[in-house]
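# Results of the structural survey
Below are the chains, spelled out letter by letter.
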Amino acid sequence: NKRGAEFGTMSGSVASAYEKIVKYLRVGQEEKDCAELHEIYEDIEKQMRIVYSQSIIKYAFKLDKAIAAGTASAFSDDQAEGQALYRVIAGDIHYKDDDSAKKATDMFNALFDVRSAPTAHNKYTYGHYCASISHLKRILGLTDAQLGTYYEATAAGVTCDPSSVEFHTIVGSYYPSSTSDESDFDGTFAGAFADAVAMSQNIAHINAEISSFTTDWSDITNDYTESYKKWTEDSPTISNEWTRLVGTPLTSVDPTSTAAAAASPSPISTYLDAAVDAASTSANRDAAKEMIEKTLWDATLYHGSLNFLNRAQYDDDDSNPSNNICVDSTTTRSAATKLAWDIGAALIIGDGYYSILGRANKRGAEFGTMSGSVASAYEKIVKYLRVGQEEKDCAELHEIYEDIEKQMRIVYSQSIIKYAFKLDKAIAAGTASAFSDDQAEGQALYRVIAGDIHYKDDDSAKKATDMFNALFDVRSAPTAHNKYTYGHYCASISHLKRILGLTDAQLGTYYEATAAGVTCDPSSVEFHTIVGSYYPSSTSDESDFDGTFAGAFADAVAMSQNIAHINAEISSFTTDWSDITNDYTESYKKWTEDSPTISNEWTRLVGTPLTSVDPTSTAAAAASPSPISTYLDAAVDAASTSANRDAAKEMIEKTLWDATLYHGSLNFLNRAQYDDDDSNPSNNICVDSTTTRSAATKLAWDIGAALIIGDGYYSILGRANKRGAEF
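Notes on the structure in this doc start here.

Conventions and cut-offs
- Residues numbered from 1 in each chain as written.
- Predicted model: local features only at pLDDT ≥ 70, side-chain atom pairs only at ≥ 80, totals over all residues.
- Heavy atoms only, no water.
- Helix = DSSP H or I, 4+ residues; strand = E, 2+ residues; numbered from the N terminus.
- Rg over C-alpha atoms; globule rule 2.2 N^0.38 Å.
- Buried < 20%, exposed > 50% of the residue type's maximum accessible area, 1.4 Å probe, protein only.
- Expected span 1.5 Å × (residues − 1).
- Axes fitted to C-alpha atoms, helices over the stretch in contact; angles between N-to-C directions.
- Parallel < 35°, antiparallel > 145°, perpendicular 65-115°, else oblique.
- Contact = heavy atoms within 4.5 Å.
- Nonpolar A, V, L, I, M, F, W, Y, C, P; charged D, E, K, R; others polar.
- Patch = residues over 30% accessible without salt bridge, like charges linked within 9 Å, V, L, I, M, F, W, Y side chains within 5 Å.
- Areas by Shrake-Rupley, 256 points an atom, 1.4 Å probe, with all protein chains shown as cover.
- Salt bridge = Lys/Arg side-chain N within 4 Å of Asp/Glu carboxyl O.
- Lys, Arg positive; Asp, Glu negative; His and termini not counted.
- Charge placed at Lys NZ, Arg CZ, Asp CG, Glu CD.
- Disulfide = S-S within 2.5 Å.
- 1 Å grid on protein atoms, 1.4 Å probe; cavity = no way out; pocket = protein on both sides within 12 Å on 5 of 7 lines; lining within 4 Å.
- Points joined across faces, edges and corners; volume = space filled by probe spheres on them.

### Examining the overall build of the protein chain
- Along the backbone of the protein chain there are 31 helices and six strands.
- For a compact globule of 727 residues, the expected C-alpha radius of gyration is about 27 Å, and the protein chain comes in at 34 Å, more than 25% above that figure.
- In terms of overall dimensions, the protein chain has C-alpha extents of about 130 × 60 × 45 Å along its principal axes.
- Evaluated residue by residue, the protein chain yields a buried proportion of 52% over its 727 residues.

Quick look at the structure:
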């Protein structure tokens, strides 16, 4: 009767088992057929087994609760009571278990061993509780209705039965298809579903903690070990994506370290420990908080969900056939596949905010990839999770797994692009610094899919990994990528599209880039001229042919505006002429003296003797390895005195306008048609063809064209029209 009251299996004021035992005893009194009497004996025994099964479940819950609270100890009253009551039916459990490994007996013996404090079952918070229910139902042939639910578990919101949960999303609910009857297919995942359901709450808790913490940061590490590590570094099942992350070189977070990027067998623990250390000093605390939040939220849920979704469709491990839980069938899926899929779904969906879906909706709004009020990636992930629930062909289930993974990669690719833009913007404004919030957030979100980027990149030099590691290395302030203003932003788009097979439509465009008029896609630009428009033939899909020119087109488009700006400045300047030199270094030098590609015309200029501008000098004309810088520095000096200022202004204007655009355009047009460098064949980007030109040639030609055409006035064409009229 005690157990009936605790498990909700009462019939009025009496436990169902109590009532049935008395009934069967009375029936047995009258039974005169020995075979029938044996059946009545079995009925009585089953009801008594229900009572002692409930007893085992009760104390498994109490001990799990103590383990979670950190109060579990050897020789506790609960452990002793559980041990004594388990031993009542231990023989039945051991004998009737058709599992040759006798995992149930081993688990109960370990849990109720009063000589030592119990520890979490396979890392899951209510692992013993859920496994007890599953083992006892499987071995003793009991049902949920017969066992009921322990009232303390109900009060705590703990569920071991996926089928009793409904996940609400913006695009309808996801209903798990597994049940607690199926949850112990190999004794490994009992309690995992309950823990997966609790993850959004755990993340909300940790976010609240880190927003107010100033001391005792070790508590974060403890929380990770208790509630997060089980999904990644301690996961009983791993995906290819996790294996790739473990093998990917990543930079140190320690500001005192100068170590090169290196792989780690425990990439999240290593990162989190360093972030916690960084948070202990106020200077780096805000950035460290971002690392911690995005790692516990995003890295854990991304890899945890893929670990389980991957296991659900696994059927090709010849070395360990027990891993092959997916079974092709025309009628049903295996219990193991159902449960593993639902655990993965629980981690992705969560509460809809502190989850992968929550991140997807944020990025969708920022990148214009919404479908109504929901991000396209969000909508597709939920759709594919539902389709996967019904799929009975393992090969098809693998394709659905890949579809889900692709949508999640879109979300984290958008995250990388967002922070690449923010950092490029800071670099251009001269405000970029080490350990900034944007750099830390970008780093943490990049690391979610860093393994995929590194592993799937067919570029043996791994330029994408190197660029992202450098950009998001919080130990130092980022600098412009190959001198181009939005080089990281454009290169990020290009790398991620090339490596992960994504498209412009899938990624969208970051709203801040749209507002700033930044474009990385030449095909989206139309150059207006007096004799009709020039339409670039290259696209952003082609912009990373060698990782060098990403961002160059966007900067080329901006050159007329830069020249107009510098002309306005020099018309009014009387002091602080050094600003002209700074502008040259930031926006002009990249096309000439710092250009990644040079023409014969530039080489000739470097070797040509030119006269000094210094009025006090009597030196003969001489060549300079940096002819524009040399000339500009001297012109700026001349402008500092009023006597020569007007002449110096002319030197400055025509140099920044004409010399830069002339040589910059020829440098790129020359590269477009280059095909005869035998010493360095990678320079030969032009390929003879009867059907198409190389992506490299298209892009280099369009960059050159952008520099020549510009806005039609502050450009080579603008100068041409002036001279044409005069001549």
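Alright, that's what it looks like, and here's the rest.
### Considering helix 28 (residues 627-639)
- Taking 1.5 Å of rise per residue, the 13 residues of helix 28 would be expected to cover 18 Å, and the 18 Å separating its terminal C-alpha atoms lies within 8% of that figure.
- Every buried residue of helix 28 is listed here: Pro627, Ile628, Ser629, Leu632, Ala635, Val636, Ala638 and Ala639.

### Thoughts on the packing of helix 10 (residues 199-212) against helix 14 (residues 285-312)
- At their nearest, the axes of helix 10 and helix 14 sit 10 Å apart, and the two run at 175° to each other. Considered as vectors, helix 10 and helix 14 are oriented roughly antiparallel to each other. Contacts from Met199, Ile203, Ile206, Asn207, Ile210 and Ser211 of helix 10 reach helix 14 at Lys289, Ile292, Glu293, Leu296, Trp297, Thr300 and Leu301.
- Among the residues forming the contact of helix 10 with helix 14, the class breakdown is eight nonpolar, three polar and two charged.

### Some points on a negative patch on the surface
- On the surface, Asp315, Asp316, Asp318, Asp328, Asp393, Glu396, Glu399 and Asp403 cluster together into a negatively charged patch.
- Here Glu399 lies in helix 18 (residues 394-429).
- Judged by relative accessible area, which is 44%, Glu399 ranks as partly exposed.

### Concerning the state of the cysteines
- Applying the stated criterion across every chain yields a total of three disulfides.
- Each disulfide pairs two cysteine sulfurs, and for Cys326 the partner residue is Cys394, the sulfurs being separated by 2.2 Å. With the S-S dihedral at roughly -105°, the linkage between Cys326 and Cys394 falls on the left-handed side. Of this pair, Cys326 sits in the loop between helix 14 and helix 15 (335-349) while Cys394 sits in helix 18, and the two are 68 residues apart along the sequence.

### Considerations on empty space enclosed by the protein
- Taken as a whole and assessed by the stated rule, the structure comprises five cavities of 30 Å³ or more.
- Around the largest cavity, the lining residues are Leu245, Leu250, Pro267, Ile268, Tyr271, Thr295, Ala299, Ala444 and Arg447.
- For the lining of the largest cavity, the elements supplying multiple residues, two or more each, are helix 13 (267-279), helix 14 and helix 19 (437-456).
- Along the lines of polarity and charge, the residues of the lining of the largest cavity split into seven nonpolar, one polar and one charged.

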